[in-house]
Amino acid sequence: MKPPRSLKITDNEIGSGRPCVPGDLAICHCVCTRRKGDVLFASDPDSPYLIRVGGRDCYAGIEYGLLGMRIGGRRTVVAPPNLIYDERKTYPDLPANSLLVYELQLIDLPEKWDPEMERRLAARAES
């Protein structure tokens, strides 16, 4: 599960510990803005998001942006129009050529929701 080349990922702070991989349960803060700075959504400081990485239950930019992050890390992810299709369903007023910016902070990787996912993805890549 490699991020698409069109996704621009910038590490602002690296963090420590093991990297986030598909199958992890990630606890993170996220702020999503339009390129101009208008906030579309943000996690509550007291209630971070719980994301099943690889489970496709959140926006593509967030999920791809979490890959490789370490606890305490901060990242900026710029998602091109072709990767914000789910956001357009939620925010129908988003123009077709929109870029979205995600500010991510990985708080914890407490467990795996799918401990076999890494092995299956590696087997698929080898075949």
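- As named in an unreviewed UniProt entry, the protein chain is Peptidyl-prolyl cis-trans isomerase, taken from Rhodopirellula europaea SH398.
- Among the UniProt annotations of the protein chain, the heading Sequence similarities (unreviewed entry) holds the following wording: "Belongs to the FKBP-type PPIase family."

1. Regarding the pattern of salt bridges
- Tallying each qualifying case throughout the model produces eight salt bridges.
- With its nearest N and O atoms 3.8 Å apart, the salt bridge here joins Glu13 to Arg74. A residue pair is termed long-range when its members are at least 10 positions apart, and Glu13 in strand S1 (residues 8–13) and Arg74 in strand S5 (residues 74–79) qualify at 61 residues.
- Its relative accessible area of 42% is what places Glu13 among the partly exposed residues.

2. Remarks on the side chain of Arg75
- As for its placement among the helices and strands, Arg75 is situated in strand S5.
- Side chain to side chain, Arg75 and Asp11 meet in a polar contact 2.7 Å long.
- The residues touching Arg75, leaving out its near neighbours within four places in the chain, are Ile9, Thr10, Asp11, Asn12, Gly65, Leu66, Leu67, Gly68, Met69, Tyr102, Glu103 and Leu104.

3. Description of the packing of aromatic side chains
- Under the counting rule described, the total for this entry stands at one aromatic pair.
- When the ring of Phe41 is compared with that of Tyr59, the centres are 5.3 Å apart and the planes differ by 45°; the resulting orientation is tilted. Highlighted residues: Phe41 in strand S3 (residues 39–42) and Tyr59 in the loop between strand S4 (49–52) and helix H1 (60–66), separated in sequence by 18 residues.
- In this structure Phe41 comes out as buried when scored by relative accessible area, which is 12%.
- When the ring centre of Trp113 is taken as reference, the NZ or CZ atom of Arg52 above it lies at 4.4 Å.

4. Digging into the layout of surface pockets
- Roughly 150 Å³ of volume is contained in the second largest pocket.
- Lining the second largest pocket, in full, are Arg34, Arg35, Lys36, Asp38, Pro95, Asn97, Ser98, Leu99 and Leu100.

5. What about the environment of Val53?
- Tracing the chain through its elements places Val53 in the loop between S4 and H1.
- Among the residues examined, Val53 registers a relative accessible area of 0% and is labelled buried.
- Separated by 51 residues in sequence, Val53 and Leu104 place their C-alpha atoms 14 Å apart.
- If we ignore the near neighbours within four places in the chain, the residues touching Val53 are Cys20, Val21, Pro22, Gly23, Asp24, Ala26, Glu63, Leu66, Leu67, Trp113 and Met117.

6. Remarks on the environment of Ile84
- Tracing the sequence through the fold places Ile84 in the loop between S5 and helix H2 (85–90).
- Ile84 sits in the buried class, given a relative accessible area of 0%.
- Considered as a pair, Ile84 and Asn97 are 13 residues apart in the sequence and their alpha carbons are 9.8 Å apart.
- The contact partners of Ile84, leaving out residues within four places of it in the chain, are Ala79, Leu94, Ser98, Leu100 and Tyr102.

The rules behind the values
Position numbers for residues start from 1 in each chain and track the written sequence from start to end. Reporting in this predicted model follows two pLDDT cut-offs: at least 70 for local features of residues, and 80 or more for side-chain atom pairs to be given and counted; totals over whole chains, interfaces and linings ignore these cut-offs and use all residues. Only hydrogens and water are set aside when side-chain values are computed; all heavy atoms of the structure are taken into account. UniProt positions are given in the numbering used here, feature names are shortened, and annotations may be inferred rather than shown by experiment. In what follows, salt bridge is the name for a side-chain nitrogen of Lys or Arg lying within 4 Å of a carboxyl oxygen of Asp or Glu. Going along the chain from the N terminus, every DSSP run of H or I of four or more residues is numbered as a helix, and every run of E of two or more is numbered as a strand. Only protein chains enter the accessibility calculation, which uses a 1.4 Å probe; a residue whose area is less than 20% of its type maximum is buried, one above 50% is exposed, and one in between is partly exposed. Contacts described as polar in this section are N or O atom pairs within 3.5 Å, which, within protein, must combine one atom able to donate a hydrogen with one able to accept it, while residues neighboring in sequence count only if both atoms come from side chains. By the convention used here, residues are in contact when the closest approach between their heavy atoms is within 4.5 Å. Two rings from Phe, Tyr or Trp (for Trp, the six-membered ring) form a pair when their centres are within 6.5 Å of each other. A pair whose planes differ by under 30 degrees is stacked, one over 60 is edge-to-face, and the rest are tilted. A ring is considered to have a charge above it if a Lys NZ or an Arg CZ atom is located within 6 Å of its centre and within 35 degrees of its normal. A pocket, in this scheme, is an open set of points on a 1 Å grid over the protein atoms alone with protein on both sides within 12 Å along at least 5 of 7 lines, while a cavity is a set where a 1.4 Å probe fits but cannot get out; residues line either one if an atom lies within 4 Å of a point. Grid points are joined across faces, edges and corners, and a volume is the space filled by probe spheres set on the points.

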